[in-house]
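Breakdown of the fold
Residues per chain are reported as follows:
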Amino acid sequence: MKNSTKGMLWIILGELIFVVAWASVKKIGPRLPVFEIVFFRSFISLLILIPLMQWRHHTFHGTAWLTLFLRALFGWGAMILSFYSMIHIRIGDASTLLNTLPIFVALFSPTLLGEPFVKKQFVFILISFVGIALVIKPEFLSANYIYSYALFAGILSALAMICIRKLHRTDTTLVITFYFTAFATAATLPIMIGNFVLPSHTEWLLLGAIGISATLGQIFMTRAYRFGNASTIAPFAYVSVIGAYIAGLVFFDEIPDVLSIAGALIVIASGVLVIITAPKSSSGLS
């Protein structure tokens, strides 16, 4: 099997596992506070990462501390906003807006990373905002601000990704992930304690599923980028949008309207074109 094919399979598997995490969040979100869900997602990931790093004799020492902190802060904010939006709006719409990450990475990278400005990418970015408007507009008319939370989660995820790009010059993926989960666990703990709701047996199982699936999804995506070029592999990350709409329909009776479907298709197409036309120096959107 060719390396590029292996990479595609790994990223598709990783993204579908993320859909499992999102669906679990939506299932328990109406009763459990979002900060409690974020805490257990982060804490369970930490319980997996620490023995994994020890088993691989991996150092816990970070190098670029300010960038590690910013990556953790942006990622934490994105997690809170994405979980909250997935609980309160259609999971497919939330996934579409969250997956604007490559678009905002391309928009911010020339300024924050000094990468070349690609005119074609700017055209695709402008087109993507048409898709974003189509997803948001039907609800925006009724002042449903939660759609803007999902979009802001995509922006924060892009800023976190830019930090990761910088960190890969000095720190490993495991170190970056460890400090993110450690920060998210510590920052969320006091808020979670103040609003703790005792989960039921089923909710405990779903909390475990969220933590494990989110961690496995990240590991699988990281593995995907070891096989082949990012411009070939990264577009398959949008399978999570399709999976999220299917999960919403099957498990939550969420039927997307025509404008949302059209907007999602435009966002996906624009995102794929942005990735394909990205300069070689900006590889790796995972």
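Definitions and limits used
Residues numbered from 1 in each chain as written. Predicted model: local features only at pLDDT ≥ 70, side-chain atom pairs only at ≥ 80, totals over all residues. Heavy atoms only, no water. Axes fitted to C-alpha atoms, helices over the stretch in contact; angles between N-to-C directions. Helix = DSSP H or I, 4+ residues; strand = E, 2+ residues; numbered from the N terminus. Parallel < 35°, antiparallel > 145°, perpendicular 65-115°, else oblique. Left-handed = near helix turned anticlockwise from the far one by under 90°. Contact = heavy atoms within 4.5 Å. Nonpolar A, V, L, I, M, F, W, Y, C, P; charged D, E, K, R; others polar. Expected span 1.5 Å × (residues − 1). Buried < 20%, exposed > 50% of the residue type's maximum accessible area, 1.4 Å probe, protein only. pLDDT = per-residue confidence, 0-100. Lys, Arg positive; Asp, Glu negative; His and termini not counted. Salt bridge = Lys/Arg side-chain N within 4 Å of Asp/Glu carboxyl O. Polar contact = N/O pair within 3.5 Å; in protein donor to acceptor, adjacent residues only side chain to side chain. Phe/Tyr/Trp six-rings, centres within 6.5 Å; stacked < 30°, edge-to-face > 60°. Lys NZ or Arg CZ within 6 Å of the ring centre and 35° of its normal.

**Description of the packing of helix H2 (residues 34-55) against helix H9 (residues 201-224)**
Their axes nearest at 8 Å, the elements H2 and H9 cross at an angle of 55°. As the angle between them shows, H2 and H9 are arranged oblique. Where H2 crosses over H9, the two elements pack in a sense that is right-handed. Here Ile37, Phe40, Arg41, Ile44, Ser45 and Ile48 of H2 come into contact with H9, specifically with Trp204, Leu207, Gly208, Ile210, Gly211, Ile212, Ala214 and Thr215. Considered class by class, the residues forming the contact of H2 with H9 number nine nonpolar, four polar and one charged.

**Quick notes on H9**
Relative to the 34 Å expected for 24 residues at 1.5 Å per residue, H9 spans 34 Å between its end C-alpha atoms, a close match to the ideal helical length. Regarding H9, the residues found buried are Glu203, Leu207, Gly208, Ile210, Gly211, Ser213, Ala214, Thr215, Gly217, Phe220, Met221 and Ala224.

**Thoughts on the confidence of the model for the chain**
Low pLDDT means the predicted atomic positions in that stretch should not be read closely. Averaged over every residue, the pLDDT of the chain is 87; residues scoring 70 or more account for 90%. Segment residues 282-286: pLDDT under 50, and 19 contacts once partners within four positions in sequence are set aside and those in other chains are kept.

**Observations concerning unusual backbone geometry**
Among all residues except glycine, the phi angle is most often negative; among peptide bonds, the trans geometry is most common. We note that histidine 57 has phi near 55°; this positive angle belongs to a residue other than glycine. Inspection of the secondary structure puts histidine 57 in the loop between H2 and helix H3 (65-88). Accessibility expressed as a relative area gives 74% for histidine 57, which makes it exposed. A positive phi angle is found at aspartate 253, which is not glycine, with a value near 55°. Mapped onto the elements, aspartate 253 comes out in the loop between helix H11 (239-252) and helix H12 (258-276).

**A short note on the side chain of aspartate 171**
Along the chain, aspartate 171 turns up in the loop between helix H7 (146-167) and helix H8 (173-194). Lacking a salt bridge, the buried aspartate 171 has arginine 169 as its closest oppositely charged neighbour, with an N-O distance of 11 Å. At 3.4 Å, the side chain of aspartate 171 forms a polar contact with the backbone nitrogen of alanine 64. Polar side-chain contacts of aspartate 171 include one of 2.9 Å to the side chain of threonine 170. In this structure aspartate 171 touches His61, Gly62, Thr63, Ala64, Leu68 and Ile176, once residues within four positions along its chain are discounted.

**Remarks on the packing of aromatic side chains**
Scanning the model with the defined rule gives 14 aromatic pairs in all. Measuring from centroid to centroid gives 5.9 Å for phenylalanine 104 and phenylalanine 129, while their planes differ by 80°, and the two rings are edge-to-face. In this pair, phenylalanine 104 sits in helix H5 (residues 101-112) while phenylalanine 129 sits in helix H6 (residues 119-140), placing the two residues 25 residues apart along the sequence. Through a chain of ring-to-ring contacts, three or more aromatic side chains come together here, namely Phe39, Phe40, Phe43 and Trp204. The side chain of lysine 26 reaches across the aromatic face of phenylalanine 252, ending 5.8 Å from its centre. Lying over the aromatic face of phenylalanine 180, arginine 71 brings its terminal NZ or CZ to 4.2 Å of the ring centre.

**A word on the pattern of salt bridges**
The final tally for this structure, using the stated rule, is four salt bridges. The salt bridge involving arginine 90 is made with aspartate 93; its shortest N-O contact spans 2.9 Å. Like aspartate 93, arginine 90 is buried. The partner of aspartate 257 in a salt bridge is arginine 90, and the shortest N-O contact between them spans 3.1 Å. One end of the pair, aspartate 257, is in the loop between H11 and H12; the other, arginine 90, is in the loop between H3 and helix H4 (91-98), and 167 residues separate them in sequence.

**Some remarks on the packing of H3 against H8**
Axis separation between H3 and H8 bottoms out at 9 Å; the angle between their running directions is 60°. It follows from the interaxial angle that H3 and H8 lie oblique. Helix-helix and strand crossings are classified by hand; for H3 and H8 the assignment is right-handed. In this structure, H3 uses Trp65, Leu68, Phe69, Arg71, Ala72, Leu73, Gly75, Trp76 and Met79 to contact H8, whose residues at the interface are Ile176, Tyr179, Phe180, Phe183, Ala184, Ala187 and Thr188. Residue composition of the contact of H3 with H8, grouped by class: 13 nonpolar, two polar and one charged.

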